[in-house]
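Residue-level structural notes
Residue-level listing of the chains:
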Amino acid sequence: MNLVKRGASAITFMNVNLVLVGLVYLFSSTFTRLVLLVTEIASQNVTIVDFVLALCVGFIIDTFIALCLMFLYSLFLVVFPQKWFRFRFGRWLTFGGLFMFIYAALYLIVLELFFFAEFSSRLNYVAVDYLLYPHEVFVNIWETYPVPTVLLAVLALSVTAVWFLRRRVNQTLEVGSSLGRRVRTSLGLIAVSGVMYFSLSIDTSRVSDNRILNEIAGNGIYNFWHAFVTNELDYDLYYATIDETKALECLRRQIKTSDAKFIDSDVTTLSVQTLDRQIVSENPTRRFNIVLVLEESFGSEFIGSLKPDGKNLTPHFDSLASEGLLFTKMYATGNRTVRGLEASIISYPPIPGRSIVKRPDNENLFTLASALKEQDYQTIFLYGGRAYFDNFSYFASHNYFDQIIDETNFSHKTFSTIWGVCDEDLFSNALLTFDSLHNQGQPFFATMITVSNHTPFTYPDGKIPYDPEERTRENAVRYADYAIGKFIADAKSHDFFDSTLFIFMADHGARVYGSQEIPLDSYEIPLLFYSPALIPEGGRNDRLSSQLDLSPTILDLLDFNYRSQFFGRSLLRPSGDDDWILLSHNRDVGMLRNDTLAVLGIQGAVELWLRDSSNGELLFLGEDSQSTLSHDAISYFQIAYKMYKQRQLRAFQSPARQNDNNK
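Residues numbered from 1 in each chain as written. Predicted model: local features only at pLDDT ≥ 70, side-chain atom pairs only at ≥ 80, totals over all residues. Heavy atoms only, no water.

With that out of the way, let us pick up the environment of Thr30. Following the sequence through the fold, Thr30 ends up in helix 2 (residues 13–40). Look at Thr30 and you get partly exposed, because its relative accessible area is 22%. Along the primary structure Thr30 and Cys56 are separated by 26 residues, whereas in three dimensions their C-alpha atoms are 9.8 Å apart. Here Thr30 is in contact with Phe59 and Asp62, once residues within four sequence places are set aside. Side-chain polar atoms of Thr30 contact the backbone oxygen of Leu26, separated by 2.8 Å. (Helix = DSSP H or I, 4+ residues; strand = E, 2+ residues; numbered from the N terminus. Buried < 20%, exposed > 50% of the residue type's maximum accessible area, 1.4 Å probe, protein only. Contact = heavy atoms within 4.5 Å. Polar contact = N/O pair within 3.5 Å; in protein donor to acceptor, adjacent residues only side chain to side chain.)

If you want it as structure tokens, here you go:
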């Protein structure tokens, strides 16, 4: 204590409080990591070596973040005159700032634990995207989690911590520090932080082949910042590439089908006609209405007809599956709705960073809607929530959808959450819209996105024999399935039914889980084609497929002749290559073929993994950028990215129709 009073250089107001900031953060972050390790240690078979390694590597990253926070605080102390801290205002400012920092650090613990429980990940692209919609996200969190209890508990702990620290902090307020010393301290912090910044990367936390363990070893703030600054990654700068001529050759080989003829027979340089091919059917076109329903988080794990030994929560869907065409090996390309929309409507690969639905320069793309507009279809986009979310309204209105209808336009609403109306309300309003379109004498194409199977997992009472107040994902799935069954039952009494193809597909799986680098099991989703007048009962398609293949498969089923720029292929046609799927997870993208997965990571990494067909586990085979699979994967993402950047993904529309589309 006497040393403080004498103003010893080792113990000054600046030094003590900077160290306090660093220690508080290191404690909170280490505590979070310990909790995650303890809760995951059994399910992930974590060894003591893995445990210690995750803690040590994580502590290094935590130290970097702590130094950054200390540097930011030091800038404030450099600018703020030291003598002011001896007055009442300075004391209140000091203790107020200390309280808010401790409160934020403790609340971050809770936030990360809840986020990890939902996504099995540190803060990532999902957290960045949610920042754009604070109202919806805040209300969703408020309705899903015990927010008041958490806030009060964190408040009590923060007040207690400040109370115990008050004497030490008060003593430091009497000790000044020269401006030169404060500047030197700040410069020292930025120098050390800078060295660590260039020594670390997002892959520093990769301590094993277990994705969950790598996530735990990571740091929420560091991962969030990396996701924020890499939301639109330059593929050519960060990912593996090959010679462009070789890439074009690989890509064209993979998308070729028996009914397709390329416009340019030999392409060696990327152009607007790189992928253009004429699709020719030998049969007359069947101009059926098309109703595509993207079901929120409707993963295969819930579907009895796909996982008979699983949860079996979907009797209505399973009944329809026995009457239609069920695709049994369908995968989502990502874990966000915008990825599902991008893949199913545009048939576009999930390039690293944001979906093309949310990127700039995404107007007048070649999509399923534009192809059907060429066939004189009416097109409509229906969303259970507000269409500004995830840029849906802008994307649809600039990509050949004649109408955009969301919850603000629904005349019949009985139940809603912060995300939008219940699925029944979406479907009942859609039936009214379909009647109107049918009466106009033209076929129609409708894309619908549901929202009920989403946190807080609430739904109308009395629809299924389960209490809505339980708020479980399983009950939300049961309600979504009930709404599907009711939708089809109601549609059967409408005139348009017999000439309509109904398609039910998940936008993505329920959640990301598992230790795999790209957790394949989480990406399994159902796809069902249902149309009694068009499709024989009980059909099953067992080809490995993804959402990219949806649009070309729809048009092939209806025997359309059209000019295509899709990256996917019809699942009804034999191809010249083995089946494959494309996936994305955070910053990694990949291609799966014949149980071998090529993963393209940042800094040009290319890894091969072998999937055990008996249990789904992945075995690391090593890094290999020269294999055929690696080249095929690279060709997809390299060419897709370059075509987007060079604005070569444009619809084959006449100028007049393009003008109409943009009005």
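Here 5 strands make up an open sheet; going across it, the order is 15-16-17-18-19 and the pairing antiparallel. Taken across any chain shown, the strands that pair with only one partner, and hence form the sheet edges, are strand 15 (581–585) and strand 19 (618–623). Averaged over all neighbouring strand pairs, the angle between strand axes comes to 25°, with direction disregarded. Strand direction decides the pairing type here: strand 18 (residues 606–611) and strand 19, joined by 5 bridges, are antiparallel. What sits directly across from Arg611, in strand 19, is Leu618. (Pairing = 2+ DSSP bridges. Axes fitted to C-alpha atoms, helices over the stretch in contact; angles between N-to-C directions.)

For the rest of this paragraph, the subject is the packing of aromatic side chains. Summed over the entire model, instances satisfying the criterion amount to 31 aromatic pairs. Ring geometry for Phe567 and Tyr636: centres 6.2 Å apart, planes at 45°, overall tilted. Of this pair, Phe567 sits in the loop between strand 14 (562–564) and strand 15 while Tyr636 sits in helix 20 (residues 628–645); the two residues are 69 residues apart in sequence, bridging distant segments of the chain. The buried category is assigned to Phe567, whose relative accessible area is 1%. Taking relative accessible area as the criterion, Tyr636 reaches 0% and is therefore assigned buried. Taken together, the ring pairs connect Phe427, Phe487, Phe497, Phe502, Phe504 and Tyr530 into an aromatic cluster. If you follow Arg252 out to its NZ or CZ, it ends over the ring of Phe262, 3.9 Å from the centre. (Phe/Tyr/Trp six-rings, centres within 6.5 Å; stacked < 30°, edge-to-face > 60°. Lys NZ or Arg CZ within 6 Å of the ring centre and 35° of its normal.)

Taken in spatial order, the 3 strands of this open sheet run 1-2-14, and their pairing is antiparallel. Edge positions in the sheet fall to strand 1 (260–262) and strand 14, since each of these pairs with one other strand and no more. Neighbouring strand axes in the sheet, compared pairwise and without regard to direction, differ in orientation by 30° on average. Pairing geometry for strand 2 (residues 277–279) and strand 14, over 3 bridges, is antiparallel. When the sheet's bridge partners are listed, Arg277 is paired in strand 14 with Ser564.

With that settled, consider helix 12 (residues 244–255). Compared with an ideal rise of 1.5 Å per residue, which puts 12 residues at 16 Å, helix 12 spans 17 Å between its outermost C-alpha atoms and is within 8% of the ideal. Every buried residue belonging to helix 12 is among Ala247, Leu248, Cys250, Leu251, Arg252, Gln254 and Ile255, and all of these are buried. The opening residue of helix 12 is Asp243, an N-cap whose side-chain oxygen sits 3.1 Å from the backbone nitrogen of Thr245. (Expected span 1.5 Å × (residues − 1).)

Now for the packing of helix 17 (residues 423–439) against helix 18 (residues 473–491). In the contact formed by helix 17 and helix 18, the axes pass within 9 Å of each other and the chain directions differ by 20°. Considering the angle they form, helix 17 stands roughly parallel to helix 18. Here helix 17 and helix 18 pass one another in a crossing that is right-handed. Counted together, Asp423, Glu424, Phe427, Leu431 and Phe434 of helix 17 and Tyr479, Ala480, Tyr482, Ala483, Ile484, Lys486, Phe487, Asp490 and Ala491 of helix 18 form the full contact between these two elements. Tallied by class, the residues present in the contact of helix 17 with helix 18 amount to 10 nonpolar, no polar and 4 charged. (Parallel < 35°, antiparallel > 145°, perpendicular 65-115°, else oblique. Left-handed = near helix turned anticlockwise from the far one by under 90°. Nonpolar A, V, L, I, M, F, W, Y, C, P; charged D, E, K, R; others polar.)

The space that makes up the largest pocket amounts to roughly 1000 Å³. The wall of the largest pocket is formed by 47 residues, among which Phe119, Tyr130, Val137, Asn140 and Ile141 lie closest to the centre. At the level of elements, helix 4 (88–119), helix 5 (125–130), helix 6 (134–144) and helix 7 (147–172) are the ones that each hand at least two residues to the lining of the largest pocket. Ranked by residue count, the leading element in the lining of the largest pocket is helix 4, at 7 residues. Put simply, the second largest pocket is a space of about 530 Å³. Lining the second largest pocket are 21 residues; nearest its centre among them are Tyr197, Tyr222, Trp225, His226 and Val229. For the lining of the second largest pocket, the secondary structure elements donating two or more residues are helix 3 (48–79), helix 8 (179–199) and helix 10 (220–229). Taken together, the residues that form the lining of the second largest pocket break down as 16 nonpolar, 4 polar and 1 charged. (1 Å grid on protein atoms, 1.4 Å probe; cavity = no way out; pocket = protein on both sides within 12 Å on 5 of 7 lines; lining within 4 Å. Points joined across faces, edges and corners; volume = space filled by probe spheres on them.)

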